Structures are given as structure tokens and as C-alpha cells.
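# A closer look at the structure
Take a look at the letters that make up each chain.
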Amino acid sequence: SNGNGAARAVFVSASAFTADPTDATTYTGNTIFTSGTQIGATGEYCVYNSNVGSSVAVTGLTAGVTYYVKIYEVSSSTGTNCPLFDVTTPLAGSQATSPLPSAAGGISGTATVCQGATGVAYSVVAIANASGYTWTYSGSGFTIASGSGTNSITANFSASATSGNLTVTGTNTCGSGTVSANYAITVNSRPTTQPATLSFTAVGCTGMTINWGSNGN
């Protein structure tokens, strides 16, 4: 329930409070953090200054940061009425916002594959605070066959797949964490050009020599 002031002013800071509001000063509240009036140059911003309601939804915060809150009863919410603040017993508390996923570790799997390979396994140790995983491959012809969105996948390489780097990042409702280091995958390609000529020499009863022209690729 509210206190006995005519209104109340709510201030939010990303660090512990070092000052209190000054009497006879109007602090304009704005629910977007850092957009309201601050106490001096302390970084303690007013997010609410009113007598309507008993809550305020604040936006513009940073994931994984502890924010400090103080609520002051005040005699008036406007400077013309000489607002007086109860700085002796303000309601105070702190709360951390939900964090981003932690940085992804190294990827494990098969570093050399053939074009057309299927069911090749890749994984990363579970990432703290991640509810999903985004896998990215810089080459072509790579598709996730199973485990999409998890920390363990199997992949297929098409008949024309190319070499590239595989990375993974953890995700949650706050955003994406730090991407993993590149995991280089070499894709061995199928030869497409045969030797130019074929001939036979030294043909005898029990043997012969097989000759071919310039090598293929």
C-alpha cells in the first residue's frame, strides 16, 4: 500500500544510491530508464512521480545488470507546490534483470568430411542461461538433420558442399550470447576430370602395362 504522502517518486540506478532527491525540486518520471530527471549527475533516474497506481513498468534496462530502486513519499509531485521528500525512510531494494546466455565454448565434431556425408555429429557444452542454440555454417551445402535449436546436432553435407566454419551461439528471450570460436570443417570433393588417355604397352601372355595420359583433378 502507498504511504501517507500526496505522491511518491521512484528512482532507479545501475549502481548503489549515493544521494537523495532535493526538496522543492520537480523530478519528472519517465518509464524509459535514463530518460527521466536524475538526482544531480548521479545516474539515479526518476521513473515515476505520481499518486496514481502502485506500480511502474520500466524499460530500457540492460540484461544481466543489478538495478537499485528507491521509493520516496513526497508532499507533492510538482515543484510549484514545494515538494518535500521523506529521505529518512525511503523504501529501497535491488533486482537483477534476466541475463543473456553465457559465451559459447568450443565445438566438438568431425573436422574432415566427404561431400554427400550424412548424420555427422557436432556439439557444444550446454551454455548457461541458454534456452536455444543457433548454428551457423559459412560454407554451402550444409543442413541440420536433427537437433536444431539444441547444443547437439547432426548435419548432412550435399553432393556439392564446400568447406567452411561452423559456429554456435546461445539464445534466450533477452537475446544472443557470445558466439563460439570458428570450427573449421574441410569437405573433400569428388574428382570430376579423368585422365586424358588410356593405352596399353608391353602386352604379354601373363601381364601388360596400363598407361594413361595427364592426370585428372
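Residues numbered from 1 in each chain as written. Predicted model: local features only at pLDDT ≥ 70, side-chain atom pairs only at ≥ 80, totals over all residues. Heavy atoms only, no water.

### Things to note about the packing of aromatic side chains
Our working rule: Working definition: a ring pair exists when centres of Phe, Tyr or Trp rings (six-membered ring for Trp) sit within 6.5 Å. Plane angles under 30 degrees give stacked, over 60 give edge-to-face, the rest tilted. Runs of H or I in DSSP of at least four residues are treated as helices and runs of E of at least two as strands, each being numbered from the N terminus.
Per the stated rule, a full pass over the model turns up nine aromatic pairs. Ring geometry for Phe11 versus Tyr27: centroids 5.3 Å apart, planes at 80 degrees, classification edge-to-face. Here Phe11 is found in strand E1 (residues 7-13), whereas its partner Tyr27 is found in the loop between E1 and strand E2 (45-50), with 16 residues between them in sequence. On the basis of an interplanar angle of 75 degrees and a centroid distance of 5.4 Å, the ring pair of Phe142 and Phe157 is categorised as edge-to-face. Note that Phe142 is positioned in strand E9 (residues 142-146) and Phe157 in strand E10 (residues 152-157), a separation of 15 residues in sequence. Connected via pairs of aromatic rings, a cluster forms that spans Phe11, Tyr27, Tyr72 and Phe85.

### A closer look at the pattern of salt bridges
Just so we agree on the cut-off: Each reported salt bridge corresponds to a side-chain nitrogen of Lys or Arg within 4 Å of a carboxyl oxygen of Asp or Glu. Any residue under 20% of the maximum accessible area for its type is buried, any over 50% is exposed, and the rest in between are partly exposed; the area is computed with a 1.4 Å probe on protein chains only.
Evaluation of the coordinates by the stated rule reveals two salt bridges. Between Glu73 and Arg8 there is a salt bridge, with its nearest N and O atoms 2.8 Å apart. Taken as a pair, Glu73 in strand E3 (residues 66-74) and Arg8 in strand E1 lie far apart in primary sequence, 65 residues in all. There is no split in this pair, since Glu73 and Arg8 are both buried. One salt bridge in this structure joins Asp20 and Lys70, with 3.9 Å as the shortest N-O distance. Residue Asp20 is found in the loop between E1 and E2, and its partner Lys70 is found in strand E3; the two are separated by 50 residues along the sequence. Overall, the relative accessible area of 31% leaves Asp20 in the partly exposed class.

### Overview of unusual backbone geometry
In the Ramachandran plot, Ala24 falls in the positive-phi region, its phi being about 65 degrees despite a non-glycine side chain. One can find Ala24 in the loop between E1 and E2. The exposure class of Ala24 is partly exposed, given its relative accessible area of 46%.

### With respect to the sheet that holds E9
Condition: Strand pairing is defined by DSSP finding a minimum of two bridges between the two strands. All axes here are fitted lines through C-alpha atoms, helices being fitted over the stretch that makes contact, and every angle between N-to-C directions spans 0 to 180 degrees.
In space, the four strands of this open sheet follow the order E5-E7-E10-E9, with antiparallel pairing throughout. Two strands in the sheet have a free side with no partner beyond their single neighbour: strand E5 (107-109) and E9. Here the strands of the sheet are splayed against their neighbours by 35 degrees on average, with no regard to which way each runs. Summarising the sheet, E5 and strand E7 (residues 120-124) pair through three bridges and their orientation is antiparallel. Looking at E7, one finds that Ser108 is bridged to Ser123.

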